[in-house]
Amino acid sequence: MLSQLLQKKHTKNFHVYDLDRSGFVEHADLERCASNLAKLRNWQPDSPDFLDLQAKFSAIWTNFWQPADINGDGKVSLEEYLKVADNSITNFSDSTVLQDTHTAKANVIFDVLDANNNGQISLSEYKQFCVAVGLTEKDAETAFAHLNHNADGYISRDEYLQSSKEFHISEDFNASGNWLYGSYE
Ligand SMILES: [Ca+2]
Ligand SMILES: [Ca+2]
Ligand SMILES: [Ca+2]
């Protein structure tokens, strides 16, 4: 059983990626996320940057969401997602496969966030992502303040990987990664 804290965080994660608020995470949600971000960045639909972003979001669906579609109906329900999350968290510390999968997912999301590809996430890059998924700039500011551990003005890849892992598996109410989306309530 997921603890209340982990259940809240994973429910938040699910709703963030259910962009059209249909109650299911589907490939179309990830496509919408890519096109929202591209619009905010003024990337044209057939530009190399847009195609690369679209490919990354397709990979996020195929590698990290589709495996949670237990009944194979092409969409992931909250119930399916929480079941898979519970199983992953229970086995996380003993499974290098689960650890590697999480790291791969966090890395590709970092790459998506890092619009100018300089290896660091700025506040404006974080805001773009949050707005693209339907969160607010205020959520982004709250998250950024917690994730930017050394307060140098950027989220480094290491900071992001650590925060993402805390968000997904930590039972600690004080873990800064709990604030990945500003609030998990
Ligand atoms: Ca949806
Ligand atoms: Ca399903
Ligand atoms: Ca950057």
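In what follows, the structure referred to is the one given above.
Note that the coordinates shown come from a computational prediction; the quantities given were computed from them, not determined experimentally.

K.L.:
Give a description of the side chain of Ser 122 that names residues and reports values.
P.N.:
By secondary structure assignment, the location of Ser 122 is in the loop between strand E3 (120-121) and helix H6 (123-132). Residues in contact with Ser 122, not counting those within four places in the same chain, are Phe 144, Gly 153 and Tyr 154.

K.L.:
Give me the lowdown on the coordination of the calcium ion (ligand 3), citing residues and values where you can.
P.N.:
Those protein atoms acting as donors to the calcium ion (ligand 3) are Asp 114 (OD), Asn 116 (OD1), Asn 118 (OD1), Gln 120 (O), Glu 125 (OE) and Glu 125 (OE), and they sit at 2.2 to 2.5 Å. Classification of the site at the calcium ion (ligand 3) rests on its 6 donor atoms, whose angles at the metal span 53 to 158°, yielding the label irregular. Along the chain, the residues that donate to the calcium ion (ligand 3) are spaced as D-x1-N-x1-N-x1-Q-x4-E. Judged by relative accessible area, Asn 118 falls into the partly exposed class, the value being 40%. Residue Glu 125 is classed as buried on the basis of its relative accessible area, which comes to 6%.

K.L.:
Which residues make up the nonpolar core, and what values go with them?
P.N.:
In this structure, Tyr 17, Phe 57, Ile 60, Trp 65, Tyr 126, Phe 129 and Tyr 160 are the most contacted members of the largest nonpolar core, which totals 47 residues. Elements supplying a minimum of two residues to this core: helix H1 (4-17), helix H2 (27-40), helix H3 (48-65), helix H4 (78-91), helix H5 (96-113), H6, helix H7 (137-147) and helix H8 (157-169). The leading source of residues in this core is H3, at 7 residues. Every residue in contact with Tyr 17, bar those within four places of it in the chain, is listed here: Val 25, Asp 29, Leu 30, Trp 65, Ile 109, Phe 129 and Tyr 181.

K.L.:
Hey, could you go over the packing of aromatic side chains for me, with residue numbers and the actual values?
P.N.:
Each aromatic ring pair is described using two quantities: the centre-to-centre distance and the angle formed by the ring planes. All chains considered together, the criterion is met by 7 aromatic pairs. Ring geometry for Phe 110 against Tyr 160: centres 6.0 Å apart, planes inclined by 55°, an arrangement best described as tilted. Placement of Phe 110 in helix H5 and of Tyr 160 in helix H8 is noted, with a sequence separation of 50 residues between them. For the pair formed by Phe 110 and Tyr 160, the shared burial category is buried. The structure contains a cluster of three or more aromatic residues connected by ring pairs, namely Phe 14, Tyr 17, Trp 65 and Tyr 81.

Each value, and the rule that gives it
- Every chain begins its residue count from 1, and numbering advances along the sequence as written.
- Note on labels: chains are lettered from A, ligands numbered from 1, in written order.
- Under the rules for a predicted model, residues below a pLDDT of 70 receive no local features and side-chain atom pairs below 80 are neither given nor counted, while totals for whole chains, interfaces and linings still include all residues.
- Side-chain measures here rest on the full set of heavy atoms in the structure, leaving out hydrogens and waters.
- Every helix listed is a DSSP run of H or I at least four residues long, and every strand listed is a run of E at least two residues long, numbered separately from the N terminus.
- Working rule for contacts: check all heavy atoms of both residues, and any pair within 4.5 Å makes them a contact.
- Donor atoms (N, O, S) are those found within 2.8 Å of the metal centre, with the cutoff raised to 3.2 Å for Na, K and Ca; water is not part of the atom list, so apparent gaps in a site can occur.
- For a four-donor site, all angles between 85 and 135 degrees give tetrahedral; for four or six donors, opposite pairs above 155 degrees with the remaining angles between 65 and 115 give square planar or octahedral; all remaining cases count as irregular.
- Type-normalised accessible area, obtained with a 1.4 Å probe on protein chains alone, sets the label of each residue: buried when under 20%, exposed when over 50%, and partly exposed for intermediate values.
- The nonpolar core is taken to be a set of buried Ala, Val, Leu, Ile, Met, Phe, Trp, Tyr and Cys residues, with the residues joined through side-chain atoms within 4.5 Å.
- Two aromatic rings from Phe, Tyr or Trp, using only the six-membered ring of Trp, form a pair when their centres are within 6.5 Å; if the ring planes differ by under 30 degrees the pair is stacked, by over 60 it is edge-to-face, and anything between is tilted.

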